[in-house]
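Below are the chains, spelled out letter by letter.
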Amino acid sequence: MAENDKGLLRRIGETLRDWGPFRRDFWYSPIRGPWMASFFSLLLLIVLPIVFITGLIDHIAWNPDLGGTNNRTPDMGLLGFLTGIEWPTRPIWLYRLTEGIHVVLGISLIPLVFAKLWSIMPTLYKWPLADSVGQALERLSILFLIGGIFFQIFTGLIYIQNFVILHNFKFNQLHFYGNWIFIAGLVLHVLVKFPVMVEGLKARGVRKELEKSLEETEPEPREEGRLVSTDPAPPSISRRGAIAVVAGSALTMIALAVGQTLGQRWSWLAILSPRAQSPGDGPNDFRVNKTAKKAEIKPEQVGPNWRLELVGNTSQMLSREDLLAMPQYTSSLPISCLEGWSTGNQDWEGVRLRDLAEMAGMPNAEKVLFESLESTDAAARMSFMRRNQFQDPLSLLALRVNGVDLSLDHGYPARAIVPATPGNRNTKWIYRMTFMEEA
Amino acid sequence: MKNIPGYGRGPVHLLGVIFCYTLAIYAGVKLFSNVSLWIALAFPAGIFLHDFVLFPLYSGIDRVLKRVQRRQQREGKISVGWVNHVRVPVMISFFLLLAYFPIILRLSEDRHLHTSLNQDSYLYRWLIVTAVLAAGSAFSYFIRKRRYKKRFSLDKQDK
């Protein structure tokens, strides 16, 4: 029986080996080989850690340990090891920078990933599929690696575009846990393949290969293994040409996305970005993530009867006039969205949050809870901020912006604005602020 | 390093495999206790779409283009290869479509409600970017061709 099985497997193997992509001469690219694959690995090895780390930074920037909707992935268990780090308020553009990098570089991964997959395609068709249990497990983990990178890129991209099917899923769960599944695959892959990459680059040298023109481009020696064609076509592009095309594609993706983070002057360049353009050019016409209409804010909620309920040791009701009668301060701060876009600095005017903490009789409060009139989205309905955030002299309960009253879309009658804080945490349409002793 | 019998790889490899599967399964369990298990299909689906749809498609098209160019070169019809001038704009345009297809194909939720911006123009924006890329590529091709011809005629004069 065992003999028969072996015979059958061997026969399948022999048939496959001579069939289509399993044949080495099926592959004809003269530039594909260990050097090319290693070079694209190197590019990814530079870009991926930046995207990964800026993603973790976004996780920290929400101060998930404060609870409520600040923690978008409750029950994360051991994966919450970064929870509890105090997110700083300076420099004021910190989140604008890190999240802009995360989204813009994340988009530029598409050409790099495609190039890398192109360069290693023949290894997919290898028979036998694995020579041992160890290699079988290693090859199966490619599911986490390649499945994971596509999953991360596309959950991110369809989220920032409000793709209809994402409506049914919780984006943060997908993108947070998906990241760790991808990282699991990446760690094993780098552990096993890093020496291979170094070897591959060393064998031909990086600079030496980049100096070769199309006429000087020749296939790698076929002894280098499966990636090298045994029947190469004449080259139609040099290796440096192929790299230039891939890097150029990535740079084009960056160029077409980065405009959304550079303020008004460059927003025209982000021609395909979902939220790059401003709705108009008045003082209030900088970008919004969500309009008052979408948030279902009713006019009577924000009319003259609106009151801010300030809760601490005491509870007080403050009208907009009461707030305007308090000392007013101006802070020049950007709005930076987790979707990657950000505005230039806007001049916000209003009451310092630390003055309100004092007024509530809680100057030593550890955190504050903002609650919004918004009724459609639980994540935006409430937000916690830590002591360092509301004690910052630039942190305001903003009433006006750029010299005029806040528009309804920007959170009239009052919104929070805190330096270096994700836009979503800067709650709009606030009706209650509660200062709390324990963190 | 010595291979572990029955495993076929060294101890570091084994540790890597254990780490990888522990982390992936842990994160997977967390994920699927919060969202539908169907999402798990997205992982093989992404690989399948790339390896068995996109890759054969683009490499097949590329193969045809190259064959045409080679024939033209053999027949002496063209002096300068044009394949890369087709590859580059098509590739970038395709990557952009892949990245922004929800908004280009108007599959996004009501964007006016979200952002007070309009989404109707994104198809045209993508077409404009594509047209600019194609025009730039064609322009550089003609520059190359002219330069080649000039050099060719200079060479002739020398002789």
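Structure's up top.
Summarised in this report is the structure supplied together with it. In this numbering scheme, every chain counts its residues from 1 along its sequence in written order. Starting at A for chains and at 1 for ligands, labels are handed out in the order in which the entities are written. The model is predicted, so local features are restricted to residues of pLDDT at least 70 and side-chain atom pairs to those at 80 or more, both for listing and for counting; the totals for chains, interfaces and linings are taken over all residues. Side-chain descriptors were evaluated using all non-hydrogen atoms of the structure, hydrogens and water having been removed beforehand.

### Some details on the pattern of salt bridges
Residue and element names in this part refer to chain A.
Right, on to step 1. The term salt bridge refers to a side-chain nitrogen of Lys or Arg lying within 4 Å of a carboxyl oxygen of Asp or Glu. One pass over the full model with this rule turns up 18 salt bridges over all chains.
Right, on to step 2. The partner of Asp 65 in a salt bridge is Arg 386, with the nearest N and O atoms 2.7 Å apart. Here Arg 386 lies in strand S6 (residues 382-386) and Asp 65 lies in the loop between helix H2 (34-61) and helix H3 (94-124), a separation of 321 residues in the sequence.
Right, on to step 3. Lys 290 is the partner of Glu 374 in a salt bridge, and the nearest nitrogen-oxygen pair spans 3.1 Å. Residue Glu 374 is located in the loop between strand S5 (367-372) and helix H11 (378-381), and its partner Lys 290 is located in the loop between helix H8 (239-258) and strand S1 (308-311); the two are separated by 84 residues in the primary sequence. Counting from the N terminus, the helices are the DSSP runs of H or I reaching at least four residues and the strands are the DSSP runs of E reaching at least two.

### Focus: the interface of chain B and chain A
Right, on to step 1. In this analysis, two residues are considered to be in contact whenever any of their non-hydrogen atoms come within 4.5 Å of each other. With 65 residues of chain B at the interface, the matching set in chain A holds 81 residues.
Right, on to step 2. Buried surface at the junction of chain B and chain A, both sides included, amounts to about 6,800 Å², of which 71% is carbon and sulfur.
Right, on to step 3. Our count for the contact surface shared by chain B and chain A stands at one salt bridge.
Right, on to step 4. The shortest N-O distance in the salt bridge between Arg9(B) and Asp131(A) comes to 3.4 Å. Buried area is a sum: the accessible area each of two parts loses on coming together, probed at 1.4 Å, counted once for each and added.

### Considering the packing of helix H2 (residues 42-74) of chain B against helix H3 (residues 83-104) of chain B
Residue and element names in this part refer to chain B.
Right, on to step 1. Axes, fitted as lines to C-alpha atoms, cover a helix only where it is in contact. Angles between the N-to-C directions of the axes lie from 0 to 180 degrees. Closest axis-to-axis distance for the H2/H3 pair is 10 Å, and the angle between their directions is 160°. In terms of orientation, H2 lies roughly antiparallel with respect to H3. The two elements H2 and H3 meet at a crossing, and its hand is right-handed. Residues Leu 54, Asp 62, Leu 65, Lys 66 and Gln 69 of H2 touch H3, and the partners they reach there are Val 83, Val 86, Arg 87 and Phe 94. Oblique is the label for any angle not under 35 degrees, not over 145, and not in the 65 to 115 range, which are roughly parallel, roughly antiparallel and roughly perpendicular in turn. The hand of a helix crossing depends on one turn: near helix anticlockwise from the far one by less than a right angle means left-handed, and clockwise means right-handed.

### Observations regarding the sheet that holds strand S10 (residues 430-436) of chain A
All names here are of chain A.
Right, on to step 1. At least two bridges found by DSSP between two strands are what make those strands a pair. As summarised here, the arrangement of the five strands in space is S2-S1-S10-S5-S6, forming an open sheet in which the pairing is mixed. This sheet does not close on itself; its edge strands, each paired only once, are strand S2 (315-318) and S6. Strand-to-strand twist in this sheet, taken as the mean axis angle between neighbours without regard to direction, amounts to 15°.
Right, on to step 2. Relative to S10, S5 runs antiparallel, the two sharing six bridges. For Glu 371, the partnering residue across the bridge sits in S10 and is Arg 432.

### Quick word on the nonpolar core
Right, on to step 1. By size, the foremost hydrophobic cluster in this structure holds 109 residues, and its most contacted members are Leu109(A), Ile110(A), Trp348(A), Leu96(B) and Tyr100(B).
Right, on to step 2. In terms of residue count, the dominant contributor to this core is H3(A) (15 residues).
Right, on to step 3. Not counting the four nearest positions on each side in its chain, Ile110(A) is found in contact with Ile153(A), Leu157(A), Met253(A), Phe95(B), Leu98(B) and Ala99(B).
Right, on to step 4. To define a nonpolar core, start from buried Ala, Val, Leu, Ile, Met, Phe, Trp, Tyr and Cys residues and group those joined through side-chain atoms within 4.5 Å. Relative accessible area decides the class of each residue, using a 1.4 Å probe on protein chains only: under 20% of the type maximum gives buried, over 50% gives exposed, and in between gives partly exposed. The next biggest cluster of nonpolar side chains, apart from the first, holds 31 residues, and it includes Leu353(A), Val368(A), Leu399(A) and Phe435(A).

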